[in-house]
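An overview of the molecular structure
Now for the letters of each chain:
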Amino acid sequence: SSGINAEWPLRPGKEEGGKFVELPGATHGNVVVRFPPEASGYLHIGHAKAALLNQYYQQTFEGKFVMRFDDTNPAKENVEFEKIILEDIALLNIKYDKFSFTSNYFPDMLKYAEEMIRKGLAYVDDTDAATMKDEREKRTESANRSNSVAVNLQKWQDMVAGTDYGRTCCLRAKIDMQSDNGCLRDPTIYRCKNEAHPRTGTKYKVYPTYDFACPIVDSVEGVTHALRTTEYHDRDVQYYWFIDQLGIRRPCIWDFARLNLTHTVLSKRKLAWFVEQGLVSGWDDPRFPTVRGVMRRGMTVEAFKQFVILQGSAKSVVQMSWDKIWTINKKIIDPIAPRFTGLAKQGLVPVTVTGVSDHSKNCAKHPKNTEVGEKEVHYGSKVLLEGEDAAALTPGQMVTMINWGNMVVDHIATSGQ
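We now turn to the structure provided with this report. (Residues numbered from 1 in each chain as written. Predicted model: local features only at pLDDT ≥ 70, side-chain atom pairs only at ≥ 80, totals over all residues. Heavy atoms only, no water.)

Let's talk about the overall build of the chain
The helix and strand tally for the chain stands at 12 helices and 17 strands. For the chain, whose C-alpha radius of gyration is 29 Å, the value lies well above the compact-globule estimate of 22 Å for 417 residues. Counting only C-alpha atoms and orienting by the principal axes, one finds that the chain spans roughly 100 × 50 × 35 Å. Buried residues in the chain amount to 46% of all 417 residues. Considering only contacts in the chain between residues 6 or more positions apart, those separated by 24 or more positions represent 70%. Of the roughly 21600 Å² of accessible surface on the chain, 51% is carried by carbon and sulfur atoms. Each charge class in the chain can be summarised by its mean position, and for the 53 positive and 52 negative side chains these summaries are 1 Å apart. (Helix = DSSP H or I, 4+ residues; strand = E, 2+ residues; numbered from the N terminus. Rg over C-alpha atoms; globule rule 2.2 N^0.38 Å. Buried < 20%, exposed > 50% of the residue type's maximum accessible area, 1.4 Å probe, protein only. Contact = heavy atoms within 4.5 Å. Areas by Shrake-Rupley, 256 points an atom, 1.4 Å probe, with all protein chains shown as cover. Lys, Arg positive; Asp, Glu negative; His and termini not counted. Charge placed at Lys NZ, Arg CZ, Asp CG, Glu CD.)

Details of the layout of surface pockets
Over the atoms, a rolling probe the size of a water molecule traces out where space has been left empty. What the largest pocket holds in volume is close to 1100 Å³. When residues in the lining of the largest pocket are grouped by element, the largest group, 5 residues, is from helix 1 (residues 45–60). In terms of residue class, the lining of the largest pocket is built from 15 nonpolar, 10 polar and 12 charged. Its volume calculated, the second largest pocket comes out at about 820 Å³. Forming the walls of the second largest pocket are 25 residues, and the residues nearest its centre are Val349, Pro350, Val351, His411 and Ile412. Taken together, the elements giving at least two residues each to the lining of the second largest pocket come down to strand 12 (348–352), helix 12 (387–391), strand 16 (398–401) and strand 17 (405–408). Tallying contributions element by element places strand 12 first for the lining of the second largest pocket, with 5 residues. Among the residues making up the lining of the second largest pocket, the classes are represented as 16 nonpolar, 8 polar and 1 charged. (1 Å grid on protein atoms, 1.4 Å probe; cavity = no way out; pocket = protein on both sides within 12 Å on 5 of 7 lines; lining within 4 Å. Points joined across faces, edges and corners; volume = space filled by probe spheres on them. Nonpolar A, V, L, I, M, F, W, Y, C, P; charged D, E, K, R; others polar.)

Let's talk about unusual backbone geometry
Where the residue is not glycine, phi is negative for most of them; where a peptide bond is considered, it is trans in most cases. Positive phi, normally seen in glycine, also occurs at His263, with a value near 55 degrees. Residue position: His263 is located in the loop between strand 10 (260–261) and helix 8 (268–276).

Structural notes on the pairing of strand 14 (residues 374–379)
Here strand 14 shows a clear split, with Lys375, Val377 and Tyr379 buried on one side and none of Glu374, Glu376 and His378 buried on the other. As defined by bridge partners, strand 13 (residues 359–364) adjoins strand 14 across 6 bridges and the pair is classed as antiparallel. Bridge pairing links Cys363 to Lys375 in strand 14. (Pairing = 2+ DSSP bridges.)

What about the packing of helix 6 (residues 210–220) against helix 7 (residues 236–246)?
Packing of helix 6 against helix 7 brings their axes to within 9 Å, and their N-to-C directions diverge by 60 degrees. Here helix 6 lies oblique to helix 7, going by the angle between them. For helix 6 against helix 7, the interelement crossing comes out right-handed. In this structure, helix 6 uses Asp211, Phe212, Cys214, Pro215, Ile216, Asp218 and Ser219 to contact helix 7, whose residues at the interface are Gln238, Tyr239, Phe242, Ile243 and Leu246. When grouped by side-chain class, the residues that make up the contact of helix 6 with helix 7 number 8 nonpolar, 2 polar and 2 charged. (Axes fitted to C-alpha atoms, helices over the stretch in contact; angles between N-to-C directions. Parallel < 35°, antiparallel > 145°, perpendicular 65-115°, else oblique. Left-handed = near helix turned anticlockwise from the far one by under 90°.)

Description of the packing of aromatic side chains
The description of an aromatic ring pair rests on the distance of the ring centres and on the angle between the ring planes. Under the criterion given, the structure shown has 21 aromatic pairs. Ring geometry for Phe81 versus Trp283: centroids 6.2 Å apart, planes at 80 degrees, classification edge-to-face. Of this pair, Phe81 sits in helix 2 (residues 79–91) while Trp283 sits in the loop between helix 8 and helix 9 (291–296), placing them 202 residues apart in sequence. Relative to Phe242, the ring of Trp241 lies with its centre 5.5 Å away and its plane at 75 degrees, an arrangement referred to as edge-to-face. Given a relative accessible area of 17%, Trp241 falls into the buried group. Taking the relative accessible area as the measure of exposure, Phe242 reaches 1% and is therefore buried. Clustering of aromatic rings is evident, with ring pairs tying together Tyr42, Phe81, Trp273, Phe274, Trp283 and Phe288. A cation over an aromatic ring shows up here: Arg199 above the ring of Phe101, its NZ or CZ 3.5 Å from the ring centre. Positioned above the aromatic ring of Tyr240, the side-chain terminus of Arg250 is 4.1 Å from the ring centre. (Phe/Tyr/Trp six-rings, centres within 6.5 Å; stacked < 30°, edge-to-face > 60°. Lys NZ or Arg CZ within 6 Å of the ring centre and 35° of its normal.)

Written out as structure tokens, the structure reads:
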């Protein structure tokens, strides 16, 4: 990291970038936002936008930032990735006020699930996955949808105990199988999995889905504004259905456009394939769109922030070019980046300089910024030029060598190569 850590402007002007939408109902000192990644991979630049956007509103309203790991799926949760993600958050200079895991609330969610069964708002379904998918597409009700509360509670106990039969079942919310919104066609809210969880071990045999857990934990943790990308928009009605049926506090959802970069893969599954195939040096390969990759390539946190400002928090989806973010980055690092000289090893051409004795002296690392410091520059009668530069020289030509001064080309000897 370059050490650049400017605060967000409280209200970016039109010349600074995109539109930052005022959060509905937001009041100074009372805004609570959250960033809830799944610990199944490194953070990429799309995650960085979401995290920084939450930070923007937290700082603008002097509110609170909740860092939460969504660990509802034991198969995908990886403790090593948790550590890496927290390091990435630190790299982005994001400081959170509260840290939690969704699994902290597993006992509460079990109670809410049973409450929904008793209210006739959820039922246990042993329909196989393929048939269930087909029925949802055709808006056909499951044969188990009309089961009594008593039957559902018995089947639920099988799920909770992780019996052979229980593992064939899932718990579904009873919403509306005729809805045009597929997310409301009795979504699964609990699955039975005899898998150890990194945090709770083998204590539980059932695990909530993200769609069921998210609104509950947002409400319980005091989140006032849940910022989500527009791809979740169809799930917003479902989110509020759970909140209202359980009678818990209602956070406000605000959708924003996800980050789309031209010619860039942001799928964690696809990025993992590159790593597994050995096509890159790792998740921090400078060609990768991960936070570590782009920062290893020279990206600054300030450039990330200005890039987010450029897009704002509007919902319209646009394709962004990498040129844009690297141009922003160049403007930031150019005034402070020290200048050094390097040559490609192949094709070097020796040059004899007359009238120069071997010596060295200190020169500024930056021609326009003395605060960057000094470097030692060596002088002598023998220097090397890259072949491409040497080929451009002509006898009698005056050339300028950085930190040396002007020289006149006296003679060029060629070897025919």
